[in-house]
Amino acid sequence: MSIAKRVSEEMEVALGEEVGYSIRFEDCCSEKTILKYLTDGMLLREAMTDPLLSMYGCIIIDEAHERTISTDVLFGLLKQIVVKRPDLKLIIMSATLDVQQFKDYFDDVPILKIPGRMFPVEIFYSPNQVEDYLVSSIAAVMQIHANEMPGDILLFLNGEEEIEEACRQITAEAELFGNKIPPLVSIPLYSSLPPAQQQRIFEPPPPPLYQGGAPGRKVIVSTNIAETSLTINGIIYVIDPGFAKQKVYSPRTCVESLLVTPISRASAQQRAGRAGRTQPGKAFRLYTEKAFKELIPQTHPEILRSNLSSVVLQLKKLGVDDLVHFDFMDPPPPETLMRALEMLNYLGALDDEGNLTELGVSMAEFPLDPQLSKMLIESPKYHCSNEILTLAALLSTPNIYVRPKEAQEAADLAKSQFADSTGDHLTLLNTFNAYKYNGEDRNWCYENYLNYRSLQAASNVRTQLLKIMKRINIPIVSTPWESDDYSVNIRKCLISGLFMRVAHLERNACYSTVKDNQTVYIHLGSSLCSRPEWVIYNEFVLTSKEWIRTVSEIDPRWLLEIAPQYFDLKNFPPCSMRVELERIQMQCKAKQKS
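Now for a quick tour of the structure. (Residues numbered from 1 in each chain as written. Predicted model: local features only at pLDDT ≥ 70, side-chain atom pairs only at ≥ 80, totals over all residues. Heavy atoms only, no water.)

Side note on the overall build of the protein chain
Each helix and strand in the protein chain was counted, giving 22 helices and 18 strands. Relative to the 2.2 N^0.38 estimate, which gives 25 Å for 594 residues, the radius of gyration of the protein chain is 26 Å and therefore close to what a compact globule would have. For the C-alpha atoms alone, the extent of the protein chain along its principal axes is close to 90 × 60 × 50 Å. Long-range pairs, those at least 24 residues apart, make up 70% of the contacts in the protein chain with a sequence separation of at least 6. (Helix = DSSP H or I, 4+ residues; strand = E, 2+ residues; numbered from the N terminus. Rg over C-alpha atoms; globule rule 2.2 N^0.38 Å. Contact = heavy atoms within 4.5 Å.)

What follows is the structure, encoded as structure tokens:
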């Protein structure tokens, strides 16, 4: 979005006319558009309706070394398209690419090496491996500020919580010195930060304390969003602790986790390069030179460590039936592909032969996780398509609740006014409805510890999903909220998509997941006050413990009624959950007879 804005200004045209952009749930283009910036995921979706991408004369894929799932699938498709379309120009770009691998994959294509206009960057390594990289990072910031020449600092950390904590500590450390050192301001940067706050990174550093004094300095504390996505003028010093959050998928448990892992050498080079954009700089690596040499050369492609159910559905919609022989640059593990096919079969998107069903065709229309798509399509059956629309939008956007460290009790109290006794899904729905009732007011969100930007995004996503539902003729209906069936219908519809994400309360007071028997705990931020025997959850998060998030209470009889294909007890492993379900099944049969 920022690139499209910048280029439209340089070309002196209105954004959305000659120059536009396309991201998930937002299309800012017109018939006049000749230059379009879009995510790899959006280009992949366009290929579903236009398999030869005939509206484009030239396609440039930048940052190819990042190897996202969508980029890897696009490589396979574009390799086929350029054979059928000799007129199409395809350019693949990166600063840190494994050139030989790409040259071999694209049948010995020509390579252009363009020397960058980089200033020299001096690299410094830690003499010993640091014990606590957060403490060492803050110490490095203060050391640079006290001893180095003027210039801004970029510190790489992992995730919102860690970044906010670092900013607080840096501010506190700077205040201890008072007027003895020049002003130091810390600025956080992560993807869920509101746009106005993200723009603070481009502000000038603070002025000197007095005329003729040393100029102030800003330190930007960022996730790896600052590694390649943007250039910040004034950065001369980079602090690299050597870690990043990376998505890791276990096909055995079907769990995707964000884990803090060592970065690759390519990432380390990208980070150091941020210091030499506008003048000579310095990069401080908080790990030894020996540790740097032991890092993997490139980050493992996302396709090797992700759930592939969405990818398989997209490829099936694109007419790729032989997934095993699809020309992936790095073929995904067979077990991951099998799990994806199995999940789509249980959802009804694929038949037993692996062919796309009518339901699967409809599910592929939505830019969502297949489980959420299934819920939307099934929602009229449960008379709650309006409500499921809202929930699908909320579950596809960043967290709407804000819980600052200095005001946790007040934030929890504010959230409790929206709480529903059945759990988090209805609580989310209540919160969104209250936001709409209060006129989408920014101040109301601030007073109630809600993320205005996330609620705005959810509202926009809901509008886009509604358009798709109308286009494929899915009725928009609701159960009156005062009806006893209101909550029941919504939770039954949730089961139609999330029936593989069910957990059962065990005797040791923790929960166990269906089939995999993995011990899990309800996240501390849940609205559930009690410990229901059966719950459905939206997300499994592996941090200090195995947490399940966005949890709601369900009746186990609904599982046997809504997803009998999955809860076929003949295929269930022996466990307390199976015994319980068999008992419920016998009760249901006895009730039917009587």
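Next, the rest of the story.
Some thoughts on the side chain of Ser-527
For Ser-527, the location among the structural elements is in the loop between β16 (519-522) and β17 (534-542). Its relative accessible area of 11% is what places Ser-527 among the buried residues. There is a polar contact of 3.3 Å between the side chain of Ser-527 and the side chain of Thr-427. Aside from chain neighbours lying at most four places away, what touches Ser-527 is Lys-415, Ala-419, Asp-420, Gly-423, Asp-424 and Thr-427. (Buried < 20%, exposed > 50% of the residue type's maximum accessible area, 1.4 Å probe, protein only. Polar contact = N/O pair within 3.5 Å; in protein donor to acceptor, adjacent residues only side chain to side chain.)

Quick notes on the packing of helix α5 (residues 133-147) against helix α6 (residues 160-177)
Running from amino to carboxyl end, α5 crosses α6 at an angle of 40°, the nearest separation of the two axes being 10 Å. Relative to α6, the element α5 lies oblique. Judged by the twist between their axes, the crossing of α5 over α6 is right-handed. Judged by residue contacts, Tyr-133, Leu-134, Ile-138, Val-141 and Met-142 of α5 engage Glu-162, Glu-165, Ala-166, Gln-169, Ile-170, Glu-173, Ala-174 and Phe-177 from α6. (Axes fitted to C-alpha atoms, helices over the stretch in contact; angles between N-to-C directions. Parallel < 35°, antiparallel > 145°, perpendicular 65-115°, else oblique. Left-handed = near helix turned anticlockwise from the far one by under 90°.)

Some remarks on the packing of aromatic side chains
Overall, the coordinates contain 13 aromatic pairs when judged by the stated rule. Seen in terms of ring centroids, Phe-499 and Tyr-566 are 5.5 Å apart; in terms of plane orientation they differ by 55°. Their pairing is tilted. Of the two residues, Phe-499 is situated in the loop between α20 (485-498) and β14 (502-505) and Tyr-566 in the loop between α21 (556-562) and α22 (576-593); the sequence distance between them amounts to 67 residues. Look at Phe-499 and you get buried, because its relative accessible area is 0%. Plain terms: the ring middles of Tyr-521 and Trp-547 are 6.4 Å apart, the flat faces sit at 65° to each other, and that makes the pair edge-to-face. Pair noted here: Tyr-521 is in strand β16 and Trp-547 is in strand β18 (residues 546-553), with a separation of 26 residues, a long-range link. An aromatic cluster of at least three residues, connected via ring pairs, comprises Phe-75, Phe-102, Tyr-105 and Phe-106. The ring of Phe-292 has Arg-285 lying over it, and the distance from NZ or CZ to the ring centre is 4.5 Å. (Phe/Tyr/Trp six-rings, centres within 6.5 Å; stacked < 30°, edge-to-face > 60°. Lys NZ or Arg CZ within 6 Å of the ring centre and 35° of its normal.)

Describing the pairing of β17
Counting buried positions over the nine residues of β17 gives seven, a clear majority of the element. Of the strand pairs in this sheet, β14 and β17 are connected by three bridges, and their pairing is antiparallel. Following the sheet pairing, Ala-503 is matched in β17 by Val-535. In this sheet, β18 lies alongside β17 in antiparallel orientation, the contact comprising seven bridges. Across the sheet, the residue bridging to Val-541 is Trp-547, located in β18. Where β17 folds back on β18, the antiparallel hairpin that results is connected by three residues. (Pairing = 2+ DSSP bridges.)

Some thoughts on the pattern of salt bridges
The full count for this structure, using the stated rule, is 25 salt bridges. We note a salt bridge from Arg-557 to Asp-555, for which the minimum N-O separation is 2.6 Å. Residue classification places Asp-555 among the buried positions, given a relative accessible area of 19%. (Salt bridge = Lys/Arg side-chain N within 4 Å of Asp/Glu carboxyl O.)

Let's talk about the sheet that holds strand β8 (residues 184-189)
Here we have six strands laid out as an open sheet, ordered β6-β13-β10-β7-β9-β8, and parallel in their pairing. Since the sheet does not close on itself, it has two edges, and those belong to β6 (121-125) and β8, each with one partner. Averaged over neighbouring strand pairs, the angle between their axes works out to 20° when direction is ignored. Pairing of β6 with strand β13 (residues 281-285) involves five bridges; the strand directions are parallel. In the strand pairing of β13, Ile-123 is matched with Ala-283. The sheet strands contacting helix α9 (residues 265-273) are β6, β7 (152-156), β10 (235-240) and β13, and the helix crosses β13 at an angle near 140°.

Concerning the environment of Leu-455
If you trace the backbone, Leu-455 turns up in helix α19 (residues 452-471). Using a relative accessible area of 0% as the deciding quantity, one classes Leu-455 as buried. Along the backbone, Leu-455 and Ile-163 are 292 residues apart, and their C-alpha atoms lie at a distance of 22 Å. Leaving out residues up to four positions away in the same chain, Leu-455 has contacts with Leu-394, Ile-400, Phe-432, Tyr-435, Cys-445 and Leu-450.

What about the sheet that holds strand β1 (residues 19-23)?
The strands making up a sheet associate through backbone hydrogen bonding, with each pair oriented either parallel or antiparallel. Overall, mixed pairing links the three strands, which are arranged β2-β1-β3 in an open sheet. Single-partner strands in this sheet number two, and they are β2 (26-28) and β3 (35-38). When the angles between neighbouring strand axes are averaged without regard to direction, this sheet yields 15°. Bridging between β1 and β3 involves four bridges; their strand directions are parallel. Bridge pairing links Ser-22 to Leu-38 in β3. Helix-sheet contacts for helix α1 (residues 2-10) involve β1 and β3, and the interaxial angle to β1 is about 175°. Along the sheet, helix α2 (residues 40-49) contacts β1 and β3; its crossing angle with β3, the most-contacted strand, is approximately 110°.

Observations regarding a nonpolar patch on the surface
Taken together, the side chains of Met-11, Ile-34 and Leu-35 present a nonpolar region at the surface, about 290 Å² in accessible area. Its location among the elements puts Leu-35 in strand β3. Residue Leu-35 is classed as partly exposed on the basis of its relative accessible area of 32%. (Patch = residues over 30% accessible without salt bridge, like charges linked within 9 Å, V, L, I, M, F, W, Y side chains within 5 Å. Areas by Shrake-Rupley, 256 points an atom, 1.4 Å probe, with all protein chains shown as cover.)

Remarks on helix α16 (residues 408-416)
Since the α-helix packs 3.6 residues into each turn, any two residues three or four apart lie on the same face. Where α16 is concerned, the buried positions are Ala-411, Ala-414 and Lys-415. Along the long axis of α16, the arc covered by the buried residues comes to 100°, so they all point the same way. Facing away from the buried side of α16, by more than 90 degrees, are the exposed residues Glu-409 and Leu-413. (Arc of directions from axis to C-beta.)

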